[in-house]
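Results of the structural survey
Listed here are the chains, written in short residue letters.
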Amino acid sequence: MSWLRLCVRITAFMAFLAATTMLAAGLRVSEVVTRKAIDRTPWARFCFRWACRCLGLRIHQHGSPSDDTVLFVSNHISWSDIPILGSLAPIRFLSKAEVGQWPVIGWLARQAGTLFIRRGGGQARRVRDQIIENLQAEENVLVYPEGTTSAGLTVLPFHGLLLKAAPESRTPVQPITIAYRREGRPDHLAPFIEDDEFHHHLLRMLAQPSARVDVVFHEPLHPSEKIPAGEFAASLRETVLEGLTRIYRGEYDRPATECLRTGDDPGLPHLPSLHGGQRSPDQSTG
């Protein structure tokens, strides 16, 4: 059945890429003709949702993205993190420069407003200034402080340089935890690490049964410029790591009514709250 699944999904994915490319080209032509910039956010989220469907990802959202402008901070497991998170919130992504060179995918990433960064040469400081500019323009930005992808079993140390964009722009930070599982266990297919090539990794994902993806939106934090960047980065990492641990323990697999903390049973975990103190039930977009 894996070959049949692969054929169906690769056909759907190629059709999706073709349609998305035509859409992006159409938006670009429209901008040139009208000489007016088009907000690509709703179009990007629409495309990200369909990308996740084509990849066969079952997404379970816990908590909600902030209604205010925030700097999102997440652990990083795979290139598929981008369409997943992009389908759940309006985000401008920060990605390594190599992604911008990928055929079709790189061009589409640029059309979606992705910010690319190269290692060394003082690029991080330039990108931090760009992030500050985007945040001040009320655009959400997501950074991966680990600086690379991991196997998803833990969270690598966070680097604090780009995180300084939050206090310098007086913007809250909202941590995110993402995890991939198959049959209740960490997914060994999802991680995009070491010298893996995009097209090989894509084919492996498309050939296998659907993976479950849990995304936890933690409470936004308001960093102070007085807090050392390293200390704040370590605190964010602990929050993201705690979310990862809870996912692998299966705590987010329970129905929402079982996950609310009550006075009679204070030991049960509680879900992140929305603005105004309301609770957000778990949502599945798979």
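These numbers come from a predicted model, not from an experiment.

**Side note on the nonpolar core**
If you look at the biggest cluster of nonpolar residues, it comprises 42 residues, and the most contacted ones within it are I84 and V215. Secondary-structure elements contributing two or more residues to this core are α1 (2-34), α2 (41-55), β1 (57-62), α3 (81-88), β6 (173-182), α7 (198-207) and β8 (211-217). Counting residues per element, this core draws most heavily on α2, which supplies 7 residues. Not counting residues within four places of it along the chain, the set of residues in contact with V215 comprises I59, H60, Q61, H62, I84, L85, L88, I176, T177 and I178. Formed by 28 residues, the second largest nonpolar core is a distinct cluster that contains I132, V143, A166 and Y252.

**Regarding a negative patch on the surface**
Judged by side-chain charge, D129, E133, E168 and E225 come together as a negatively charged surface patch. Among the structural elements, D129 can be located in helix α5 (residues 123-136). Taking the relative accessible area as the measure of exposure, D129 reaches 45% and is therefore partly exposed.

**Here we look at a nonpolar patch on the surface**
There is a patch of nonpolar side chains on the surface, built from W3, L4 and V8 and spanning about 330 Å² of accessible area. Here V8 is to be found in helix α1. Look at V8 and you get exposed, because its relative accessible area is 53%.

**Section: the packing of α1 against α2**
Running from N to C, α1 and α2 cross one another at 170 degrees; their axes reach a closest spacing of 9 Å. The angle between α1 and α2 places the two elements in the roughly antiparallel class. The residues of α2 that touch α1, namely those facing R9, A12, F13, F16, T20, L23 and L27, are W43, C47, W50, A51, C54 and L55. Of the residues in the contact of α1 with α2, the class split is 11 nonpolar, 1 polar and 1 charged.

**Observations regarding the environment of L135**
Note that L135 resides in helix α5. Residue L135 is classed as buried on the basis of its relative accessible area of 4%. Along the chain, L135 and S169 lie 34 residues apart, while their C-alpha atoms are 6.8 Å from each other. Setting aside residues up to four positions removed in sequence, L135 forms contacts with T69, V70, L71, V141, A165, S169 and T171.

**Focus on the pattern of salt bridges**
Within the structure shown, the criterion is met by 12 salt bridges. Its salt-bridge partner being D187, residue R182 comes within 2.8 Å of it at the nearest N-O pair. When sorted by exposure, R182 lands in the same class as D187, which is buried. One salt bridge in this structure joins R212 and D214, with 2.9 Å as the shortest N-O distance. On the basis of relative accessible area, R212 is assigned to the buried category, the value being 16%. The buried category is assigned to D214, whose relative accessible area is 0%. Members of the salt-bridge network, linked through shared partners, are R181, R212, D214 and D253.

So, how was this worked out
- Residues numbered from 1 in each chain as written.
- Predicted model: local features only at pLDDT ≥ 70, side-chain atom pairs only at ≥ 80, totals over all residues.
- Heavy atoms only, no water.
- Core = buried A, V, L, I, M, F, W, Y, C linked by side-chain atoms within 4.5 Å.
- Buried < 20%, exposed > 50% of the residue type's maximum accessible area, 1.4 Å probe, protein only.
- Helix = DSSP H or I, 4+ residues; strand = E, 2+ residues; numbered from the N terminus.
- Contact = heavy atoms within 4.5 Å.
- Patch = residues over 30% accessible without salt bridge, like charges linked within 9 Å, V, L, I, M, F, W, Y side chains within 5 Å.
- Areas by Shrake-Rupley, 256 points an atom, 1.4 Å probe, with all protein chains shown as cover.
- Salt bridge = Lys/Arg side-chain N within 4 Å of Asp/Glu carboxyl O.
- Lys, Arg positive; Asp, Glu negative; His and termini not counted.
- Charge placed at Lys NZ, Arg CZ, Asp CG, Glu CD.
- Axes fitted to C-alpha atoms, helices over the stretch in contact; angles between N-to-C directions.
- Parallel < 35°, antiparallel > 145°, perpendicular 65-115°, else oblique.
- Nonpolar A, V, L, I, M, F, W, Y, C, P; charged D, E, K, R; others polar.

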